[in-house]
Amino acid sequence: MFKKLPLLSVLAIAFMLSSPGQSQDIAAGEAVFKKCMACHRVGPDAKHRSGPILNNVVGRAAASADGYKYKKSIVAARDKGLIWDEANLQAYLGNPTEFLREYLDDPKARSAMSFKLIKEQEQSDVIAYIASVETEAAAADGAEATEPTEPVLSIDEIVAAQSFTDEYINDPVNISAGKEIWFAQCTHCHGFKAYPGKAPKLKPAKYEPEFVFKRVYKGFKKMPAWNEVYSVDEVRQVVAYIKAPGFAP
C-alpha cells in the first residue's frame, strides 16, 4: 500500500481539485485506478510500463515523465503548452484521441492510450487519488524496523495451488463479482467490440478453469499479468464468470 499524504494535505488537494458541485472520493479513486494499472503505476516504487508513471502528473506539463518515450501527438501537445490540470485530465481520460485532435487542431492526431474512462465522477475520483499519493519513497527518521515477514508464495506456486469445484464456478456471487471486474477491465481488449486486432477471441469452453486462472493471473505474451492489480480471489471470480454458461464478452 502506498504511503499517503497527511490528512490535512489530502483534504487540501481534494479541495483544490474539486469542481463546483462535484465532490471527489480518494478511496473510490484508488479502486478506479485498478482500471489503469495494466499500463500505469503511481507511487514511490512506480516504474514505467506500456504507459508512463503518473507521479506528480497533476499540474505537470504533458509528456514530461523522465525516461519514458512518448508518441508524436502527445509530444506535440506538450510543445504547444499542454498542462495536466484537472479539466484537461478529465477531458483526456474521457476520450484521449479526440482530446488531442481538438487541442492540436489536427484530425490525424492520435493518442497511444485507447482506454476511455467515461464517467465524470470516476475521472474526478481517480485524479484525486493520483494527486494524493505521496511520491517520495522514504521511511520516517527513527522509524522502527519492521519484523521479518513470512515467505510468500511465488506466482507459479500460487497458480499451481488453484483448483475449482463446480460449486465455486456456478456460485452466482462469484459469477456476478467476476462479471463486474470483466466489464471494468477485460472487455477493452477481449470484448466483441475489440475484435479483430487487440486480442484473440475467447473460447472458454475449450479451457479448464485452472488454465484460465493461469492466463489471467500470470499473463501471457502481450497480455499483462493481473496479479499486481487483482487479488487471487478476484481473479478466481473472473474465472467463474468466464466459465459461466451466460458468459458474453
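Residues numbered from 1 in each chain as written. Predicted model: local features only at pLDDT ≥ 70, side-chain atom pairs only at ≥ 80, totals over all residues. Heavy atoms only, no water.

Side note on helix α11 (residues 232-242)
- Among the 11 residues that make up α11, eight are buried, leaving the element largely enclosed by the rest of the structure.
- Of the positions making up α11, those classed as buried are V235, R236, Q237, V238, V239, A240, Y241 and I242.
- Turning to α11, the residues buried within the fold contact α8 (166-169), α9 (172-190) and α10 (209-218). (Buried < 20%, exposed > 50% of the residue type's maximum accessible area, 1.4 Å probe, protein only. Helix = DSSP H or I, 4+ residues; strand = E, 2+ residues; numbered from the N terminus. Contact = heavy atoms within 4.5 Å.)

Focus: the environment of N174
- For N174, the position within the fold is in helix α9.
- In the structure, N174 is positioned 62 residues away from R236 in sequence and 8.1 Å away in space, judged by C-alpha atoms.

Regarding the packing of helix α4 (residues 86-94) against helix α5 (residues 96-104)
- Where α4 meets α5, the axes come as close as 5 Å, and the angle between the chain directions of the two elements is 125°. As judged from the angle between their axes, α4 and α5 are oblique. Between α4 and α5, the contacting residues are N88, A91, Y92, L93 and G94 on the first element and P96, F99 and L100 on the second. (Axes fitted to C-alpha atoms, helices over the stretch in contact; angles between N-to-C directions. Parallel < 35°, antiparallel > 145°, perpendicular 65-115°, else oblique.)

Section: the packing of α10 against α11
- Following both chains from N to C, one finds α10 and α11 inclined at 125°, their axes separated by 9 Å at the closest point. In terms of orientation, α10 lies oblique with respect to α11. The way α10 lies across α11 gives a crossing that is right-handed. Counted together, P209, V212, F213, V216 and Y217 of α10 and V232, V235, R236, V239 and I242 of α11 form the full contact between these two elements.
- Here the contact of α10 with α11 is built from residues that sort into nine nonpolar, no polar and one charged. (Left-handed = near helix turned anticlockwise from the far one by under 90°. Nonpolar A, V, L, I, M, F, W, Y, C, P; charged D, E, K, R; others polar.)

Let's talk about the packing of aromatic side chains
- Under the defined criterion, the tally for this structure stands at 15 aromatic pairs.
- Both rings, one in F164 and one in Y168, keep their centres 5.8 Å apart while their planes meet at 65°; by these two values the pair is edge-to-face. Taken as a pair, F164 and Y168 share a single burial class, namely buried.
- Taken together through their ring pairs, the aromatic side chains of W84, Y92, F99 and Y103 make up a single cluster.
- Here the basic side chain of R215 rests over the ring of F220, its NZ or CZ set 3.6 Å away from the ring centre.
- Across from the ring centre of F164, 4.1 Å away, lies the NZ or CZ of R236, which sits over that ring. (Phe/Tyr/Trp six-rings, centres within 6.5 Å; stacked < 30°, edge-to-face > 60°. Lys NZ or Arg CZ within 6 Å of the ring centre and 35° of its normal.)

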